[in-house]
Amino acid sequence: MGLMEASPLADRLRGHIEGELMFDAFSRGRYATDASIYQMTPSGVVVPKTLADIETAIGAAREIGASVLPRGGGTSQCGQTVNNSLVIDNSKYFNQILELDVENRRCVVQPGIVLDELNRALKPHGLWFPVDVSTASRATIGGMAGNNSCGGRSLRYGTMRDNVLSIEAILADGTKARFGPTDRNAAPANDSTAALITEMLALGAREQAEIAARFPNIIRRVGGYNIDALTPDHSTNNMAHLLVGSEGTLSYFTAIELKLSPIQGTKVMGVCHFPTFYKAMDASQHLVKLKPAAVELVDDTMIALARNIPMFRKTIEAFVQGDPAALLLVEFDEGSDAANAAKLRELDEAMGDIGFSFTGSGDAWGGAVAVTDQTLQADIGEVRKSGLNIMMSMKQEGKPVSFVEDCAVELPDLAEYTSGLTDIFEKYGTKGTWYAHASVGCLHVRPVLNMKLDQDVKTMRAIAEECFDLVAKYKGSHSGEHGDGIVRSEFHEKMFGPQMVASFNEVKDRFDPNRVFNPNKIVQPPKMDDRRLFRYGPDYEAKDIDTKLDWSDWPGKGGGFQGAIEMCNNNGACRKLKGGVMCPSFRVTRNERDVVRGRANSLRLAITGQLGPDALASDEMAETMKLCVSCKGCKRECPTGVDMARMKIEVLAARAEKNGLSLHDKLVGYMPRYAPLVSKMPWLANMRNWVPGAAKLTEGLTGFAANRKLPEWSARPFKDTEFADDDPDVILFADIFNRYFEPENLRAAGRVLKAARLKVRVATPVDGKGNLECGRTLLAVGLVDDARAEAERLLAALTPYAARGVPIVGLEPSSLLTLRDEIPALVPGADAQLVAEHAKMFEEYFVTLENPPALSDLGRPIVLHGHCHQKAHNVMGSVQKALGMIPGAEVEMVETSCCGMAGAFGYGKDTVDTSLKMAELDLLPAIRKAPENALVVADGTSCRHQIKDGTSREAIHVVRVLEMALDGKDT
């Protein structure tokens, strides 16, 4: 059922919903924000499984006078998807394809289906839905229809309105209706829906002249209600187009019929470089004459920010020449290689005709760089699609703010409009960041402001007033893609005039007289600068926080912990369901609680006192973090750099300090301390796996799942003395997992290094006591102070070698990469940075050897799975390269998220089921399909155990494969 707190609405719904009900403070807080500057706490949340659930929820809300807010991905940037309403989240269950007609290129879907998921299902049929919004990995079709979304190729395919054929909906009084093409000359039917349609058509006829006079004549006009769809210009009017763009204020969509398009062929791209922003804007009108599929803008601010984001750096270097002030990405899809090549030649000539050449100087410098490689084009597309998050990656209090973001003007006016807008920004002491859709005169621009400051809020208001005056001057649209919401609704009268606004109110009154659906959006809106509705309201303030790690790269309380949390802008990139790593738990549960955004919102609300006292260490926060596997996928893939794995450590520390440790936590955290003793009698520890009933008997006491075998302790653990050369060329860091469970990996590493004629020494503590450890297991249970002590011992041992330039090489990603990540945050300073710079995964070091050992063809294919931390630190390329050094090696890198084992996570009795579901998403199916003679390779200890448990196939570390290749045979 879900989580509950006392509420009349909760009482009314309890026992009547098949899906989930959430009325607790944490859950409501997670749905209080979208990707805008606003925050409005909902009265509750329903996650419906059936149409009956939705009907029940709407009926209950209507009965007690509550309102309803439909929600999909929650990525709206203007405040459309926040309200003090009952949120109905369609994205988890209500997301199926109901009908697919390939021959007629149409389909019917439930509103919660994500665009990327729909297109994956359509691809085998040669079709796609072409409204390709940048948030395609999490935007739902219902949300896109509600917003009249557009996408980068609207020049060719139009907006959502142009691609929706019909909509089935529930009206405010509970009536179910279908809205589609309507013959205004036909005799009206005798029912309430027919009467509604007749009245709307009459309104369209009455207002035809005013619509013609006041509605901007451009593609990108998504403000207000689409009453222009009601005019008698043609004999047939599509009533669904009135609902498109209505932001959930008129009805509740239950099924949407879409027009589909043939899938795109091979594309090419010309990256046009310009010396000034003005020149780029002026050029757009000329380049569009070449009839491209899209023309997208990237400005110099976005280029600079993207260079500092690891996942984008290589892409930027691959397609940017020199130091342009702006780029236009011009895409062609002409159906053949020859036709595409001809278009690129035309583009090059056009750039020359308007005065740009790479041999020129000053305002004449520039030109087009042809990009025909499909992978690079896709990577460039990802940079552009991530424009918002790239812009939001600034580590400062001031951030680019969305409120005049997507105004649109006609192309001949674009250069002058953007110049005028820049002058407005300069007048108020700020600057804008620019990107997006130059082809249709719609540019995303965000002035940099601090929404915690009253003065900056006043500045926002002043800029908005002047900007919308400028848009009106050029007869443009103040809302060109992202809708109205709270930000723009109050400006409709300025843009459309009082008569049109009265018509908008008339539409709302007729559809929803009692304001059941998403009230105060589009009509009767609040002021856009009402700080009571802000995420950072007038009383917003973080409490003093005693944090354990170094957060000094960010501003705010807790030494910057606050600022690090506030980097989450709620755009929801973490909600993607395929590709990359993050967020593996969300991919299993589809719960907002279990995604990086949901956790970040809970943390922000907790540290600012909005979830009650001591919320950071509360049971509810523990539950929020429970399924975070610390994969670090967000560290690399969240463009704003929200590092939830590090944030989880702070929560665990607060919990440990408040409540102490369970036996399970102690067994995990203190494993390095008791491992030397256990290793003397491994048979005793291993009995739990083999004695019938032992695992079940100990499950309740130890917290380890009875249906999992624990790693087997080795009878011959690795000793530091096995590699102890003087004056070493390389230091081998022996982690606890390989030392005590799979020592053959460390021995193989030493042997491969020796074969390269290198002197090898195992890192040992300065005081000679015990083994060196990175503190990974201690951090996993919140024992940060103990982990810091281990880090200090490690630094004392390794710093002298790092100071002499000796590389420090390790095998276990979660251990070795701790030297680069957590240890500098535990013990900030020059020594930690020096050691981090010299810490290398084995493969990273191996591929740099001047004289690598001779390797032989193994005659077997290799299937490779990457550990999450390797992906997060972008080192998988060196793994592939190392395996590629084996003659004849055929390496297949399987596309996987987290394996799901994640250290002790996969062994926990409360998390084992989620662990196995994570593995079944991608990893285990891929391993089962691998050839029987394939070598399955995985560097992570956890990954290898997950593969063995799930497929009964043995996975091995890369060093074992290299060791095999030394001998030219399998060992």
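Residues numbered from 1 in each chain as written. Predicted model: local features only at pLDDT ≥ 70, side-chain atom pairs only at ≥ 80, totals over all residues. Heavy atoms only, no water.

Comments concerning the environment of Glu331
Rule in force here: A run of DSSP states H or I qualifies as a helix once it reaches four residues; a run of E qualifies as a strand once it reaches two. Both are numbered from the N-terminal end. When checking whether two residues touch, look at their non-hydrogen atoms; a contact exists if any pair is within 4.5 Å. Each polar contact in these results corresponds to two N or O atoms within 3.5 Å; when the atoms are within protein, one needs to be able to donate a hydrogen and the other to accept it, and residues that are neighboring in sequence are counted only if both atoms are side-chain atoms.
Counting through the fold element by element, Glu331 comes out in strand 16 (residues 326-332). Considering only alpha carbons, one finds Glu331 and Val268, 63 residues apart in sequence, at a separation of 5.9 Å. Dropping the residues within four chain positions of it, Glu331 is found in contact with Arg153, Gln264, Lys267, Val268, Met269, Pro292, Ala293 and Ala294. Of note is the side chain of Glu331, whose polar atom sits 2.7 Å from the side chain of Arg153.

Describing the nonpolar core
One broad rule of soluble globular proteins: the nonpolar side chains tend to lie buried together. As a reminder, the rule being used: In these notes, a set of buried Ala, Val, Leu, Ile, Met, Phe, Trp, Tyr and Cys residues joined through side-chain atoms within 4.5 Å is what counts as a nonpolar core. Relative accessibility thresholds used throughout: buried, under 20% of the residue-type maximum; exposed, over 50%; partly exposed, between the two (1.4 Å probe, protein chains only).
Counting 112 residues, the largest nonpolar core has Ile141, Ile227, Leu258 and Leu328 as the members making the most contacts within it. Take this core: its biggest share by element is eight residues, from helix 17 (residues 454-473). Excluding residues within four positions of it along the chain, Leu328 makes contact with Gly270, Val271, Cys272, Phe274, Ala280, Met281, Ser284, Leu287, Val295, Glu296, Leu297 and Ala438. Core analysis: the second largest hydrophobic core is formed by 88 residues, Ala791, Ala825, Leu826 and Ile947 among them.

Quick look at the packing of aromatic side chains
Ring pairs (aromatic) are described by centroid distance and by the angle formed between their planes. Formally: Pairing of aromatic rings covers Phe, Tyr and Trp, the last counted by its six-membered ring, and requires centre-to-centre distances within 6.5 Å; plane angles under 30 degrees mean stacked, over 60 mean edge-to-face, and any other angle means tilted.
Applying the stated criterion across every chain yields a total of 18 aromatic pairs. When the centroid spacing of 6.5 Å and the interplanar angle of 85° are considered together, the rings of Tyr417 and Tyr474 count as edge-to-face. With Tyr417 in helix 16 (residues 414-427) and Tyr474 in the loop between helix 17 and helix 18 (492-496), the pair connects residues that are 57 residues apart, well separated along the chain. Side by side, Tyr417 and Tyr474 carry an identical accessibility label, which is buried. Judged by centre distance (5.4 Å) and plane angle (85°), the rings of Phe496 and Phe504 are edge-to-face.

Points about helix 3 (residues 51-64)
Rules: For a helix, the expected span equals 1.5 Å multiplied by the number of residues minus one.
Over its 14 residues, helix 3 runs 20 Å from end to end, which matches the ideal 20 Å to within 8%, given 1.5 Å per residue. Lining the buried residues of helix 3 we find helix 1 (8-13), strand 2 (44-47), strand 3 (68-71), strand 4 (86-89), strand 8 (164-170) and strand 12 (252-259). One or two positions beyond helix 3, positive phi appears at Gly65, with a value near 80°.

Points about the environment of Ser192
Here Ser192 is to be found in helix 7 (residues 192-206). For Ser192, a relative accessible area of 45% translates into the label partly exposed. Through-space distance from the C-alpha of Ser192 to that of Ala930 is 60 Å; in sequence the pair is 738 residues apart. The residues contacting Ser192, other than those within four sequence positions of it, are Thr175 and Arg510.

Quick look at the packing of helix 7 against helix 19 (residues 498-511)
Put simply, the rule is: Between N-to-C directions, angles cover 0 to 180 degrees, with each direction set by a line fitted to C-alpha atoms, over the stretch in contact for helices. To sort the angles, those under 35 degrees are grouped as roughly parallel, those over 145 as roughly antiparallel, those from 65 to 115 as roughly perpendicular, and the leftovers as oblique. Residues are sorted three ways: Asp, Glu, Lys and Arg are charged, Ala, Val, Leu, Ile, Met, Phe, Trp, Tyr, Cys and Pro are nonpolar, and all the rest, Gly among them, are polar.
Closest axis-to-axis distance for the helix 7/helix 19 pair is 11 Å, and the angle between their directions is 175°. One way to sum up the angle between helix 7 and helix 19 is to call them roughly antiparallel. Every residue of helix 19 that contacts helix 7 at Ser192, Ala195, Leu196, Glu199, Met200, Leu203 and Arg206 is listed here: Ser503, Glu506, Val507, Arg510 and Phe511. Taken together, the residues of the contact of helix 7 with helix 19 break down into six nonpolar, two polar and four charged.

Quick look at the sheet that holds strand 6 (residues 106-109)
Strands pair in a sheet through their backbones, by hydrogen bonds, and they do so in one of two ways: parallel or antiparallel. Defined as follows: Pairing between two strands requires that DSSP report at least two bridges joining them.
One open sheet holds the five strands; their spatial order is 5-6-12-8-9, and the pairing between them is antiparallel. This sheet does not close on itself; its edge strands, each paired only once, are strand 5 (97-101) and strand 9 (176-179). Each strand axis lies, on average, 10° off the axis of its neighbour in the sheet, ignoring direction. By the bridge criterion, four bridges tie strand 8 to strand 9 in an arrangement that is antiparallel. Bridging across to strand 9, Ile167 finds its partner in Phe179.

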